[in-house]
Amino acid sequence: MIIAWVAVFAGLAGVIGTNGMGNTSADSIPGSRASQALERMAQEFPTDGAAEGAQNLQLVFQPKSGAVTDPDVAEQIHAVLNSAASLPGLDSITDPLDPQTPYVSADGSVAVATLTYVGLDEDAQQSSYEAALALQQSTPADLGVELGGNLVPLGAPEQGVGEMLGVLAAFVVLLLTFGSLRAAGANLLVAAFGVGVGILGVFAYGSINPIGANTIILASMLGLAVGIDYGLFIVSRFQQEVRSGKSVDDAIARATGTAGTAVVFAGATVIVALVALIVANIGFITEMGIAAAFAVLVAVLLSLTLLPVLLETMGPKALSKKHRQDLAEGHLWSDESADKRTFLRRWGTFVVKRPLLSLGGGAAVLVVAALPVLSMETAFVVPGGADPESTERTAYNVIVDEFGGVQSPLIVLADGADVASRTGSLEQTLAALPGVASVTPAAISADGDVARVTVIPTGGPIDETTTNLVHGLRANGDTLVPGVTLEVTGEAAIGIDQTAALNTALIKYVIVIALISMALLILMFRSILIPVIATAGYLLSLLAAFGASTAVFQWGWSFPLIQAPQGDPMMSLLPILLVGVLFGLAMDYQVFLVSRIKEMHDRGLAPKDAIVEGFSRAAPMIVAAATIMTVVFAGFASSTFAIAASIAFGLFVGVLADAFIVRLILMPAAMSLLGRSAWWIPRWLDEVLPHVDTEGHALDESPKERPLELASI
């Protein structure tokens, strides 16, 4: 097994070494109306003579006193422009005060100079931007100079201390759970190796076929979390089997057959949820889902193959010192001998005895956490840079306030016979529309049938006025000018279409996930009401994750973990990712909890007794697993990279809500209220459903395993 996995790792590394890292694909949504209009524009207007590979920066002057045209202020501006002319890599610079080509606001409070760079490689982009930033920082404070734009492509930063602390905290939880440094180390080692194999696999594929820059984020985050969790279930079961007197070989076999079976089912559920992202029909979303599904698959396979090898190597030394001593003295562990006075057992008893209080209190917490979702806004890309406090964003906002959406104009294509004769009427009609700041003269295609008009909106590309303008132009595009059909494209229109597509995909995906949840749970637990409660609880925890993310990242509420920029609309892709990942995790916790309760119920215990007994057996593993997930996601949430931080924070809140409130409070409380009716299922459905043994309980009917030789301890 070790040789096989090392060979897999080496093979994937060899693919990358041979092909390189490959190209990065754009996170775009082809086929939208704006994208189709852009393709049409490229056909009708092949080139406008712009320099290939040109990049622009803006020096925005907003003096604290006086107008930019005042002699003293103008002299300072020209001094800055003279210094900027010698910036490394600069191709050209404009003078905003030039009477022939002025770039000055109507009230004279703002002037904008454009710096143009051509043909910069990656190193030159970095050095040129740093030089321009140093120039901006050295200008007089009263001149109010900001640097707009960015020459450096956005990418994920290096892993920070937060991620490492999250892994360290997970190791501490494992150590406390197992009581053995060896067992905790083996679990974490297998999980870390799984992340390495998963990431290498994604990059190896990316070296052959381009993938998005953000594809790896979810795979690394989820691969580490489930890798630790799945190892936890198997190692814990192995420890129980050894403590009960079984030999190491038989304990490994039984742990793999029971907990390993649950891991297979849980992992398959997560994989199904992630692959189901294909229903969104958005390429880069599907890529992220499949990459994460691959990482989960690797985690499952390693838990079933490599982890048993390490358990065989450790043998009884995987137990704590106290448990090894008990075993040597002949004190064997069993369910009956387990401590009946644990906190979690008392907690389960309280929830069962006070179901209305528990149900109402838990639901109230989730509803309050979910309330901010009512004001949640999403955007595919936030213009002006990721940090609202940066000079780049400040410059962008100043230009929008003074000149409208000139940085992200709308491009209107007018299609019709002899359209050139109607351009005057077209320009006047467009200029009179609400939300339009100005209109540039139309350009006519070579065949004279298509006109291109640049429309400057009054707001930025994610402002409501711009969105309404785009939708209005499309809705009335056939009637505004007789004989002419209008289509809208440009960066702002493409972003609006992308956000709309993701919001539509989110609704579709939630419906699909809810149906999958109901079907799987009915199959597993042979009940109608339990799946309804479980799915409703999942949706509540999902809304709580949305609400908390809105409050922290959109509203800017302070939270100790968060170092990434705040105050922007939510990323359009965040909700759909949270839906898939939290569904998979919720199903894990549901399987581990309710299967234990069902086992006790099938043994003939009264409904409330079965809940308490099953809860007391499953809750410790759920708490440990959810705690590990929580600390790992908390580590990623501390990232300075907004995309990674927002995904991790949503998962952090979602796991807390689903594991500790939905599964450990709402589920047992609701089942207590339902009593025996919780297990009701129509007879015809019960007869046609196959029996699924999700935790390997069929092994309970197998012959007794060989006893452990105490002399080997």
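Check the entry above for the structure.
Every value quoted in this text rests on a predicted model; they were computed, and no experiment measured them.

Rules of the game
Residues numbered from 1 in each chain as written. Predicted model: local features only at pLDDT ≥ 70, side-chain atom pairs only at ≥ 80, totals over all residues. Heavy atoms only, no water. Helix = DSSP H or I, 4+ residues; strand = E, 2+ residues; numbered from the N terminus. Buried < 20%, exposed > 50% of the residue type's maximum accessible area, 1.4 Å probe, protein only. Contact = heavy atoms within 4.5 Å. Lys, Arg positive; Asp, Glu negative; His and termini not counted. Charge placed at Lys NZ, Arg CZ, Asp CG, Glu CD. Salt bridge = Lys/Arg side-chain N within 4 Å of Asp/Glu carboxyl O. Pairing = 2+ DSSP bridges. Axes fitted to C-alpha atoms, helices over the stretch in contact; angles between N-to-C directions. Left-handed = near helix turned anticlockwise from the far one by under 90°. Nonpolar A, V, L, I, M, F, W, Y, C, P; charged D, E, K, R; others polar. Parallel < 35°, antiparallel > 145°, perpendicular 65-115°, else oblique. Core = buried A, V, L, I, M, F, W, Y, C linked by side-chain atoms within 4.5 Å.

Draft legend 1. Looking closely at the overall build of the protein chain. Summing up its helical and strand segments, the protein chain has 21 helices and 13 strands in all. Overall, the C-alpha framework of the protein chain stretches about 95 × 55 × 50 Å when taken along its three principal axes. For the protein chain, with 713 residues in total, the buried portion stands at 52%. Counting only contacts in the protein chain whose residues sit at least 6 apart along the sequence, the fraction spanning at least 24 positions is 79%. Here the protein chain contributes 34 positive and 63 negative side-chain charges, whose respective centroids are spaced 24 Å apart.

Draft legend 2. Local environment of the pattern of salt bridges. Considering all chains together, one arrives at 16 salt bridges under this definition. E613 serves as the salt-bridge partner of R345, at 2.4 Å between the closest nitrogen and oxygen. Residue R345 is found in helix α11 (residues 343-353), and its partner E613 is found in helix α19 (residues 607-637); the two are separated by 268 residues along the sequence. For the pair R345 and E613, one class covers both residues: buried. Three or more residues are tied together by salt bridges with common partners; here these are R237, E241, K246 and R254.

Draft legend 3. Spatial organisation of the sheet that holds strand β5 (residues 145-148). Read across the open sheet, the four strands follow the order β3-β4-β2-β5; overall the sheet is antiparallel. Edge positions in the open sheet fall to β3 (90-93) and β5, since each of these has one partner strand only. On average, each strand axis in the sheet is inclined to that of its neighbour by 25 degrees, with strand direction left out of account. Across the face of the sheet, helix α3 (residues 71-84) comes into contact with β2 (54-61), β3 and β4 (111-118) while running at roughly 155 degrees to β2.

Draft legend 4. The packing of helix α6 (residues 181-208) against helix α9 (residues 283-314), seen in detail. Where α6 contacts α9, the two axes come as close as 8 Å, and the packing angle between them is 145 degrees. Between α6 and α9 lies a crossing whose hand is right-handed. Between α6, through R182, A183, A186, L189, V190, F193, G194, V197, G198, G201 and V202, and α9, the contact on the second element is made entirely by A291, F294, V298, L302, L306, L307, L310 and M314. Residues that form the contact of α6 with α9 fall into these classes: 15 nonpolar, three polar and one charged.

Draft legend 5. Representation of the packing of helix α12 (residues 355-370) against helix α17 (residues 529-554) within the structure. Relative orientation of the contacting elements α12 and α17 amounts to 40 degrees, with a least axis distance of 7 Å. By the angle between their axes, α12 is oblique relative to α17. Relative to α17, the crossing made by α12 is left-handed. Side by side, α12 and α17 meet where L366, V367, A369 and A370 of the first sit next to L540, S541, L543, A544, G547 and A548 of the second. Residues of the contact of α12 with α17, tallied by class, amount to eight nonpolar, two polar and no charged.

Draft legend 6. Seen up close, the pairing of β4. For β4, a buried count of seven out of eight residues is recorded, marking the element as mostly surrounded by other parts of the structure. Two strands pair when backbone bridges link them, and β2 and β4 are joined in this way by eight bridges, in the antiparallel orientation. Looking across to β4, one finds that F61 is bridged to A111. Bridge count between β3 and β4: three bridges; the pairing is antiparallel. Within the sheet, the bridge partner assigned to L90 lies in β4 and is Y117.

Draft legend 7. The nonpolar core, seen in detail. In terms of nonpolar packing, the biggest core is built from 147 residues, with L222, Y230, F633 and I647 touching the most fellow members. With 18 residues, the single largest contributor to this core is helix α18 (residues 573-602). In this view, L222 contacts G227, V270, L274, A292, V296, V581, L585 and F633; residues no more than four positions away in its chain are not counted.

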